[in-house]
Amino acid sequence: MAIVSSLCSCFLAACVSRTELGTVSAKKRRSTKWFNKSSSYLLCKDHVEVVGLSSCFLPRLSVENGFQRFRLFSRKPIREQRKNFVHSSVMDVNNQWKGNDGSWKGKTEERKQRRVVVTGMGVVTSLGHDPDSFYDNLLEGKSGISKIESFDCNEFPTRIAGEIKSLSTNGWVAPKYSNRMDKFMLYSLVAGKKALADGGLIEETLEALEKSRCGVIIGTAMGAMKMVNDAILALKTSYKKINPFFVPFAATNMGSAMTAIDLGWTGPTYSIAAACATSNLCIISAANHIIRGEADVMLSGGSEAVVIPIGGFVACGGLSRKNEDPTKASRPWDMDRDGFVMGEGAGVLLLEELGHAMARGAEIYAEFLGGSTTCNAYHIVQPHPKGEGVLLCIEKALHEAGVKKEDVNYVNAHASSTKLGDIEEYQALIRCFDQNIELKINSTKSMIGDLLGAAGAVEAVATIQAIRRGWVHPTINLDKPEEILDMNLIVGAKKERLNVKVALSNSFGFSGLNSSILFAPFKEF
């Protein structure tokens, strides 16, 4: 404690508090590499001038090609300091910055114009293993929900899922790994490499990429659940029966890691676990790496494989029990819905900086405009009854992307066929877009179930396909709509023509995590 007090005293002694908006200056010292000569950084309204303090006392949050962002502690109380902290301000050596109003000044405006586009897509789903066949089946209203075949589930009250019956990894995954990896890793690798192939990045063109500027962010909510289940069964005999790859392969980041290892990519590579919001957060994070100039090419999305005999979701009472007719079980917004249906698979987007994509002559499917995330801070599984967190998330995403509410005319809803969640989201959408008569809303989960950590990415593929095709897929099994629904907004039993201007895709997860992302047709300005 004495050491901490001494350090704090040294810090405060070197600081002179200011009451007006100013700057923080620091003399360049041999002991630090974090400051450029004559640097200045706009940090908070109550500013502190650092006279001779080594920058090691200032926690560095990020470094962006010469731009640095620091959190600075003043002598004001913590609450007031947080209130005054201009968290979005980023400055360069010439005092150019982005303020709270979102406007960029000077040279940083050039950085803001790094646009992110989608140039490839890969999917592994119960309705197809490539984007076109997958979306063709969605447009036809086919269901990928069926009886579980991978294990004996007769003792469970739920015996249906959006199960993937077969998947060939030949040509996508090295044989030495295909029998060792958990399925979520296989799905991730296959979908990721299919996205590269779809984007025209094959062997010759892959080798030409600057690998330090290529990264992978493919998340999962649950990770290697089958491997965990197999380890539990093996322990009944002996620990010697456990797969020696169990520990490394059970880590949730292994889907991203193995993809990066396979490709030799050394840029930003990690995973995010955020329940059903996982994929959207991975896409947002990957896009931000490109926007900040840290990468030019990113594979992003999610993968999940939880159709296993652990039965956790059955125990919590969240799954549908309509076993007699599996294709009718997932029914978002329908009065007879009795829970969601588990799905499995993966979705991966190939994101690129616009200039990079155009330089190699890539086909651009859509532009990523932005996204947002919020937390309900209400309950671990139940949605907030007023939908405040969902509404805030959507509005923040629109603000981040600079999109007007009236420009959004398509929403791929989270709508997972739960009693409370479906209504909460719908009410939030109505509150947000109440004056938008062109709006169309549908649910991909009505046909493939809820893929948890992979849901957002697979639905992002469906959203981008709607932009490309000019058709939005139906929401099946909506036989008895909730009275609150305006069926002029909901895409019902048949597909509909729609010239998508801006598309919103929502994904919400346990613990009240909300995420929204926005795509639009690519236009050269």
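Cut-offs used in this document
- Residues numbered from 1 in each chain as written.
- Predicted model: local features only at pLDDT ≥ 70, side-chain atom pairs only at ≥ 80, totals over all residues.
- Heavy atoms only, no water.
- Helix = DSSP H or I, 4+ residues; strand = E, 2+ residues; numbered from the N terminus.
- Expected span 1.5 Å × (residues − 1).
- Buried < 20%, exposed > 50% of the residue type's maximum accessible area, 1.4 Å probe, protein only.
- Polar contact = N/O pair within 3.5 Å; in protein donor to acceptor, adjacent residues only side chain to side chain.
- Axes fitted to C-alpha atoms, helices over the stretch in contact; angles between N-to-C directions.
- Parallel < 35°, antiparallel > 145°, perpendicular 65-115°, else oblique.
- Left-handed = near helix turned anticlockwise from the far one by under 90°.
- Contact = heavy atoms within 4.5 Å.
- Pairing = 2+ DSSP bridges.
- Core = buried A, V, L, I, M, F, W, Y, C linked by side-chain atoms within 4.5 Å.

A. A look at helix α6 (residues 183-198). For α6, with 16 residues, the first-to-last C-alpha span of 22 Å sits near the 22 Å given by 1.5 Å per residue. Judged by how many residues are buried, α6 sits mostly within the fold: 13 of 16 residues are covered. Two to three positions downstream of the cap, the backbone nitrogen of Phe184 sits 3.0 Å from a side-chain oxygen, assigning the N-cap of α6 to Asp182. One or two steps after α6, the chain reaches Gly200, where phi turns positive at roughly 80°.

B. Main features of the packing of α6 against helix α10 (residues 254-263). Running from amino to carboxyl end, α6 crosses α10 at an angle of 45°, the nearest separation of the two axes being 9 Å. Here α6 lies oblique to α10, going by the angle between them. Here α6 and α10 pass one another in a crossing that is right-handed. On the side of α6, the interface is formed by Phe184, Met185, Ser188, Leu189, Lys193 and Leu196, while α10 contributes Met254, Gly255, Met258, Thr259, Asp262 and Leu263.

C. Region of the structure containing the pairing of strand β15 (residues 408-412). The element β15 is extensively covered by neighbouring structure, given that five of its five residues are classed as buried. Of the strand pairs in this sheet, β15 and strand β19 (residues 502-509) are connected by four bridges, and their pairing is parallel. What sits directly across from Val408, in β19, is Val502. As judged from the three bridges shared by β15 and strand β16 (residues 440-442), these two strands associate in the parallel manner. What sits directly across from Asn412, in β16, is Asn442.

D. Summary view of the pairing of strand β10 (residues 214-219). Burial analysis of β10 places six of its six residues in the buried class, the great majority of the element. The sheet contact formed by β10 and strand β12 (residues 297-304) spans six bridges and is parallel. Residue pairing for β12: Ile217 is matched across the bridge by Ser300. As paired strands, β10 and strand β11 (residues 269-270) are joined by two bridges and run parallel to one another. If you follow Ile217 over to β11, its bridge partner there is Tyr270.

E. Seen up close, the nonpolar core. Grouped together as the largest cluster of nonpolar side chains are 48 residues, with contacts concentrated most on Val118, Phe134, Leu349, Leu351, Phe368, Ile464 and Phe519. Mapped onto this core, the elements with two or more residues apiece are β7 (116-124), α4 (131-139), α11 (278-291), β13 (345-353), β14 (366-375), α16 (445-448), α17 (455-469) and β20 (513-520). Top element by residues in this core is α17. It accounts for eight residues. Excluding residues within four positions of it along the chain, Leu349 makes contact with Val118, Gly120, Met121, Ile283, Met298, Leu299, Ser300, Ala460, Val461, Ile464 and Phe519.

Coordinates in, geometry out; function isn't part of it.
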